[in-house]
Amino acid sequence: MAAPESGDGNNGAARMVTLISSDNTRFEVEAAAASLSQTLQLTILDGGGGGGDGIPLPNVDSATLSKVLEYCIKHAPAAANGGAPNATAVDRAELERFDNEFVNIDQSVLYSLIMAAHNLEIEGLQSLVAKKVADMIKGKSPMEIRRTLGFPDPTPEEQAEMNAHMLEYGWAYE
Amino acid sequence: MAPLRRPPQELPEELVEEILLRIPPIEPAALVRASLVCKSWGRLISSLRFRRRTSTGEYVARYVPASCPSARRRADDIRGWRVLDARHDRVLIRSMVHQAYLDVWDPVTGVRRVLTATPPLEYRWNAAVICAGHGSCDHRDCRGGPFLVFVFGANDPDWISLSVYSSETARWDRPRRVAELPEHGMDVVPPCLVGNALYFGIDLSRSILRYDLATRTASVTDQPPGSFGCFTVPMGMRDEGLGLARLKGSTLSLWSLYAYPDGDVSWVKITAIELNRHLPAGALPVSSDFLGCAQGFVVFFVGTQDGLYSFDLKSGMVKKVCDDKGILSVVPYITLYTPA
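Conventions we followed
Residues numbered from 1 in each chain as written. Chains lettered and ligands numbered in written order. Predicted model: local features only at pLDDT ≥ 70, side-chain atom pairs only at ≥ 80, totals over all residues. Heavy atoms only, no water. UniProt positions renumbered as here; feature names shortened; annotations may be inferred. Salt bridge = Lys/Arg side-chain N within 4 Å of Asp/Glu carboxyl O. Buried < 20%, exposed > 50% of the residue type's maximum accessible area, 1.4 Å probe, protein only. Pairing = 2+ DSSP bridges. Helix = DSSP H or I, 4+ residues; strand = E, 2+ residues; numbered from the N terminus. Axes fitted to C-alpha atoms, helices over the stretch in contact; angles between N-to-C directions.

You'll find chain B entered in an unreviewed UniProt entry as F-box domain-containing protein, with Eleusine coracana subsp. coracana given as the organism.

An unreviewed UniProt entry annotates chain A as SKP1-like protein of Eleusine coracana subsp. coracana. Reading the Function (unreviewed entry) entry of the UniProt record for chain A gives the comment "Involved in ubiquitination and subsequent proteasomal degradation of target proteins. Together with CUL1, RBX1 and a F-box protein, it forms a SCF E3 ubiquitin ligase complex. The functional specificity of this complex depends on the type of F-box protein. In the SCF complex, it serves as an adapter that links the F-box protein to CUL1." For chain A, the Pathway (unreviewed entry) comment in UniProt is given as "Protein modification; protein ubiquitination."

Draft legend 1. Structural detail: the pattern of salt bridges. Following the criterion strictly, the structure yields 13 salt bridges over all chains and no others. Note that arginine 87 of chain B is salt-bridged to aspartate 85 of chain B, the shortest N-O span being 2.7 Å. Owing to a relative accessible area of 12%, arginine 87 of chain B belongs among the buried residues under this scheme. Several salt bridges converge on common partners, so that one network encompasses Lys74, Glu94, Arg97 and Glu101 of chain A.

Draft legend 2. Structural detail: the sheet that holds strand β15 (residues 242-248) of chain B. Residues and elements named next belong to chain B. Strand order in the open sheet formed by four strands is β14-β15-β16-β17, with antiparallel pairing between adjacent strands. Whereas interior strands pair on both sides, the edge strands pair on one side only; in this sheet they are β14 (231-236) and β17 (265-274). Adjacent strand axes in the sheet meet at a mean angle of 25° when their direction is disregarded. Judged from the nine bridges that link them, strand β16 (residues 251-259) and β17 form a sheet pairing that is antiparallel. Bridge pairing in β17 links tyrosine 258 to serine 266.

Draft legend 3. Main features of the pairing of strand β2 (residues 90-95) of chain B. Residue and element names in this part refer to chain B. With six of six residues buried, β2 is to be regarded as a mostly interior element. Burial along β2 is two-sided: Arg90, Leu92 and Arg94 and Val91, Ile93 and Ser95, pointing in opposite directions, are all buried. Turn length for the strand β1 (residues 81-87)-β2 hairpin, with the two strands adjacent in sequence and antiparallel, is two residues, and the turn residue histidine 88 shows positive phi of about 50°. Pairing of β2 with strand β3 (residues 102-105), which is carried by four bridges, proceeds in the antiparallel orientation. Paired with leucine 92 across the bridge in β3 is valine 104.

Below, the structure written as structure tokens:
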């Protein structure tokens with residue numbers, strides 16, 4: 001990977017970049033961590049985000065961005081190693097433990113998190129949240145899924161269709 | 001827990017797809033429910049694109065067990081017929097009269113194709129149905145398309161002969177001798193298709209007949225030692241190799257055919273399960289004259305005193321599927337169908 005080798009911090013400071021959330025909070029973070037975002041990686045490779053300039057992220061609020069960066073910082077070392085090959089079992093177990101706890105959060109945060117992961121193209125994070133949401137909905141009825149995901153109440157037509165479906169596919173609701 | 005914040009806009013379809021792709025394959029019912037959340041989810045799950053992305057096909061594989069009313073209603077259509085084989089959204093059934101008639105039936109749409117002039121079959125015989133485009137078709141959208149039926153049987157005492165029916169020409173080709181007839185002929189257990197070959201149990205589970213669809217030649221391989229007289233079912237493994245499930249007493253064992261680089265093959269036992277430990281006491285003994293399995297050795301069906309039970313190897317879940325005791329065989333039928 002062509003990203004700056006800044007994460008090791010052997011001598012000298014790692015390269016830092018500044019990200020600016022939609023509500024104008026500035027986050028300073030190692031370039032290696034921010035580069036987990038495919039979108040940001042290109043800008044950073046072009047030298048963006050350093051110095052006094054920050055990279056504005058108009059679609060991500062500060063609460064969400066701080067959560068996103070928590071994920072990126074934790075995953076950056078493994079990503080710099082090219083992922084799994086060099087990672088020890090202990091490292092992997094630690095990341096897995098982190099991931100499990102990371103998505104064990106209020107559902108309202110999950111929605112903004114998956115949108116942010118999607119917009120910033122952070123594949124690992126998107127996948128992690130998608131899995132969490134899938135686990136949340138898999139045992140639920142269509143109506144419960146709608147409520148969980150904050151859909152508006154169904155129209156009478158949609159409701160009738162759901163009822164008919166439940167009659168036809170009773171086995172799926174056991 | 002509070003519901004997700006009311007989205008300022010709906011989740012983009014790509015994200016919904018990412019979420020639905022992560023519903024565990026062993027919970028197909030969850031996908032059925034999700035398809036009813038709203039029209040766009042239903043469309044997404046039925047789309048060819050989604051089915052292609054679920055590359056193993058497992059995400060959308062669904063059981064239509066006896067508890068599904070539409071399947072039961074359809075099953076009434078074939079009362080008095082026996083299911084021989086099911087694949088690629090088509091089910092091959094035979095009439096239970098002396099001169100057998102064969103039909104190919106789609107349990108979802110109810111469409112039934114009568115095969116004209118089934119060749120005279122004596123001794124023991126068996127048959128398989130496949131999509132006519134097998135090899136180039138991905139079988140995700142070939143419902144109702146052309147098919148081939150392969151009937152292996154004997155009309156002389158020394159040879160297994162093969163007759164092939166093509167739905168496109170609506171004709172049987174001339175029977176062709178493909179292998180020596182073993183002492184006990186063909187076994188009437190569901191065959192399997194692995195890669196480009198059909199596998200049939202023969203000679204009371206002593207051997208397996210392999211028919212290569214490309215070279216149109218047959219060969220015979222022994223089943224694992226000690227299988228003679230047991231109930232065995234050939235089955236495709238996840239790695240595209242040949243597997244076999246065997247029921248001996250109440251011990252269910254699973255085997256995989258291992259091919260050595262020099263061309264030799266041998267059976268390797270993957271696991272053995274004492275069904276006695278998993279089935280309720282009232283269900284015992286296991287009747288050893290049939291067994292079915294689906295989803296590459298994940299779910300098994302066994303007949304017992306108390307009816308038909310399914311046994312999920314992964315979760316260990318045991319469930320009574322139906323009360324019938326006079327069942328001849330279980331042919332799992334896995335398909336994707338989302339009502340439009």
